[in-house]
Amino acid sequence: MPGALDGLEWYLRPDFSKLGDYKIWIAAFGQIFFSLSLAMGIMIAYGSYLPEKSDIANNSFIVGLADSAFSFLIGFAVFGTLGYMAFATNTSVQEVVAGGVGLAFVVFPQALNLIPGFPNLVAAIFFLTLIIAGLTSSISLVESVTSSLMDKFKISRTRAVNTVFALGFLGSLVYTTTAGLYWLDIIDHFINYYGLVLVALLEVIAVAWFFNLPSLRDHINTISEIKIGRWWDWSLKYATVAVLASLLILDIWGNLQKPYGDYSIDALCVGILVILLGMLVSAVITARRGKDVA
Amino acid sequence: MSLEAIAFAIFGFLILYGGLAYFLYRAIKARSS
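What comes next is a walk through the structure.

Overview of the packing of aromatic side chains
Right, on to step 1. Under the defined criterion, the tally for this structure stands at 16 aromatic pairs over all chains.
Right, on to step 2. A ring pair is formed by Phe126 of chain A and Phe127 of chain A, whose centres lie 5.0 Å apart and whose planes are at 75°; its orientation type is edge-to-face.
Right, on to step 3. Here the aromatic cluster, defined as three or more aromatic residues joined through ring pairs, consists of Trp10, Tyr11, Phe72, Phe76 and Phe79 of chain A together with Phe13 and Tyr17 of chain B.
Right, on to step 4. The ring of Trp209 of chain A carries the charged tip of Lys237 of chain A above its face, separated from the ring centre by 5.2 Å.

Here's the deal with the interface of chain A and chain B
Right, on to step 1. Of the residues lining the interface, 20 residues belong to chain A; the matching set on chain B comes to 18 residues.
Right, on to step 2. Interface area for chain A against chain B, summed over the two sides, is near 1,800 Å², with a carbon-plus-sulfur share of 75%.
Right, on to step 3. Of all residues in chain A, the largest losses of buried area upon contact with chain B belong to Leu12, Leu65 and Phe72 of chain A, amounting jointly to 28% of the total for that side.
Right, on to step 4. Applying the counting rule to chain A against chain B returns two salt bridges.
Right, on to step 5. With its nearest N and O atoms 3.2 Å apart, the salt bridge here joins Glu4 of chain B to Arg13 of chain A.
Right, on to step 6. Linking chain A with chain B are five residue pairs in polar contact (both at pLDDT 80 or more).
Right, on to step 7. At the level of secondary structure, the elements contributing two or more residues to the side of chain A that touches chain B comprise helix H1 (4–12) and helix H4 (56–88) of chain A.
Right, on to step 8. Broken down by class, the residue content of the side of chain A that touches chain B amounts to 15 nonpolar, two polar and three charged.

Thresholds, definitions, all that
- Residues numbered from 1 in each chain as written.
- Chains lettered and ligands numbered in written order.
- Predicted model: local features only at pLDDT ≥ 70, side-chain atom pairs only at ≥ 80, totals over all residues.
- Heavy atoms only, no water.
- Phe/Tyr/Trp six-rings, centres within 6.5 Å; stacked < 30°, edge-to-face > 60°.
- Lys NZ or Arg CZ within 6 Å of the ring centre and 35° of its normal.
- Contact = heavy atoms within 4.5 Å.
- Buried area = accessible area lost by both parts, 1.4 Å probe.
- Salt bridge = Lys/Arg side-chain N within 4 Å of Asp/Glu carboxyl O.
- Polar contact = N/O pair within 3.5 Å; in protein donor to acceptor, adjacent residues only side chain to side chain.
- Helix = DSSP H or I, 4+ residues; strand = E, 2+ residues; numbered from the N terminus.
- Nonpolar A, V, L, I, M, F, W, Y, C, P; charged D, E, K, R; others polar.

Given below as structure tokens:
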């Protein structure tokens, strides 16, 4: 497709000055957290299903590298298409690039519409794959909640899944309103930026500072081929906490200077409320006496 | 495409897919032994 190489040039040409911009780092953290499903409970739920003697260290490397490798490959398709769109509309790649929901539901449909031949067929295939991607992601997202509910309250999988889906359905009705896309953008931004980094920070503090870290490392080393040294304790206790806390503080400060997406502060408060509501619900469920408690 | 972009593409593929192949090889080797 003409212009695709310009899109790839935009995707691949490094600009090392960006490494000094904290916003790039927090965006990268948000992206990799979301992509690897970290700080959402998914890894904990799926990890609990692993056989007892699974090689944790090697599996971690494989999961991390496989995820990034496929993301890198998909980037060629995305930026090639955006490059073509820029060519077809006689604009620059920078002008057609968007992130988050804007990319999938605004820019990509426009780009697919410009493809010569059978744009409707290509668009149908694209949205079909998007539905499959969404469904498979939702399975993991729902699993983290249902497995917790099943363990805590000893309820059946059917009942747990129905409860989660009913609540999810009711909560998602807000996205069907005329302002649905804006709600989705704000809530997606706050959950994926602040929510994930905040939860990861709290999880790391809980594990590194209030759990017996050397015994955890010993367990990993006993069942893994690749051995982890003392650096891992230091990394979790200080480096990860310092990096996550710094990024979170810097980004909150940046948003106070210039609100995200030029939305009003009132609208952005909804994003903060969603995070607080999530934490409140988690605290209430945790505080409730489960059937597994003796 | 510029030389920088091509170099970065090769670098990305080498690190990510090379790393993945290496750890998969180690996992397969550990399982078969």
